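# Analysis of the macromolecular model
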Amino acid sequence: MCGCGIKPANDKLSKKFCEYTVQNDSHEQLTKKLAFCVRFLREEKFCAPRFLWCEMYRAVGDDVDHRDVNQRQWMDWAEVDARPFLMYLQYLTYRGLGVRHRQLQALYGLVDIVTSADKMSQLYHPETVLNLFGHCCELEGDVQGILHVYNTSLRNMPRSNAANWHKQRLELMLNNN
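The following paragraphs examine the structure supplied in this document. (Residues numbered from 1 in each chain as written. Predicted model: local features only at pLDDT ≥ 70, side-chain atom pairs only at ≥ 80, totals over all residues. Heavy atoms only, no water.)

## Description of the overall build of the protein
- Within the protein, the regular secondary structure consists of 10 helices and 2 strands.
- Helices (α) and strands (β) of the protein occur, in sequence order from the N terminus, as α-α-β-α-α-β-α-α-α-α-α-α.
- The proportion of buried residues among the 177 residues of the protein is 40%.
- Taking the intrachain contacts of the protein between residues at least 6 apart in sequence as the baseline, contacts between residues at least 24 apart amount to 59%.
- Accessible surface, the protein: about 10,700 Å² in total, of which carbon and sulfur atoms supply 54%. (Helix = DSSP H or I, 4+ residues; strand = E, 2+ residues; numbered from the N terminus. Buried < 20%, exposed > 50% of the residue type's maximum accessible area, 1.4 Å probe, protein only. Contact = heavy atoms within 4.5 Å. Areas by Shrake-Rupley, 256 points an atom, 1.4 Å probe, with all protein chains shown as cover.)

## Considering the pattern of salt bridges
- Evaluation of the coordinates by the stated rule reveals 3 salt bridges.
- Between Lys119 and Asp112 there is a salt bridge; the shortest N-O distance is 2.3 Å.
- Overall, Asp112 belongs to the partly exposed group, its relative accessible area being 37%. (Salt bridge = Lys/Arg side-chain N within 4 Å of Asp/Glu carboxyl O.)

## A short note on the packing of aromatic side chains
- Applying the stated criterion across every chain yields a total of 1 aromatic pair.
- An angle of 70° between the planes, with centres 6.0 Å apart, marks the rings of Phe40 and Phe85 as edge-to-face. With Phe40 in strand β1 (residues 38-40) and Phe85 in helix α5 (residues 82-97), this pair connects stretches of sequence that are 45 residues apart. (Phe/Tyr/Trp six-rings, centres within 6.5 Å; stacked < 30°, edge-to-face > 60°.)

## Concerning helix α10 (residues 163-176)
- A rise of 1.5 Å per residue sets the reference length of α10, with its 14 residues, at 20 Å; its end C-alpha atoms lie 20 Å apart and thus fit the reference within 8%.
- Residues Ala163, Asn164, His166 and Leu170 constitute the buried set of α10. Viewed along the axis of α10, the buried residues span an arc of 165°, placing them on a single side of the element. Facing away from the buried surface of α10 by more than 90 degrees, the exposed residues are Leu172, Asn175 and Asn176. (Expected span 1.5 Å × (residues − 1). Arc of directions from axis to C-beta.)

## Structural notes on the nonpolar core
- In this structure, Leu52, Phe85, Tyr88, Leu132 and Phe133 are the most contacted members of the largest nonpolar core, which totals 32 residues.
- Of all the elements in the fold, those that place two or more residues in this core are β2 (78-80), α5, α6 (100-114), α8 (126-140), α9 (143-156) and α10.
- Look past the residues within four positions of Leu52 in its chain and what remains in contact with it is Phe40, Ala78, Phe85, Thr128 and Leu132. (Core = buried A, V, L, I, M, F, W, Y, C linked by side-chain atoms within 4.5 Å.)

## Notes on the environment of Asn131
- Within the secondary structure, Asn131 is located in helix α8.
- Spatially, the C-alpha atoms of Asn131 and Ala163 are 6.2 Å apart, while their sequence positions differ by 32 residues.
- The residues contacting Asn131, other than those within four sequence positions of it, are Phe51, Glu55, Tyr150, Ser153, Asn161, Ala162, Ala163 and His166.

## Digging into the environment of Tyr91
- Mapped onto the elements, Tyr91 comes out in helix α5.
- For Tyr91, a relative accessible area of 0% corresponds to the buried category.
- C-alpha of Tyr91 to C-alpha of Tyr108: the two residues are 17 residues apart in sequence and 9.6 Å apart in space.
- With sequence-adjacent residues up to four places away left out, Tyr91 is seen in contact with Gln103, Ala106, Leu107, Cys136, Leu139 and Glu140.

What follows is the structure, given as structure tokens:
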């Protein structure tokens, strides 16, 4: 669930889930089944992974002029769905610890999400999840995969997407080599 208001949770499945949990679960059980998106304000950027900083400055060119009222507030934040963000953090952590099998396990979890149309449709910030996955591809050295992931992210959300910055950075790196 997400509080940013991009995708209202009013489909039949969400209503069923909410009705069932309110009637049958205690508050403690409900909190175990529900995770809100993770949000970092610009003032909190030093608590966020450096790669997410680009999400706080995602506007390129005249993108700011095309924001609606709802987007004006959250566009300066980095916001990501909780489960894929957890997998991304696991990937970075196990990479830093040198535990390759756990690192790959986290990466495969992200692959499972981004390759499933059903799972991607459930996300509130699919472009951010794709960008995090692109960063994992970058750390794996998969140049073709990186550009494909960022292009997919841009196809889904061409404006105000940090993938613009990541793609430009990669193209500069590739041209310098």
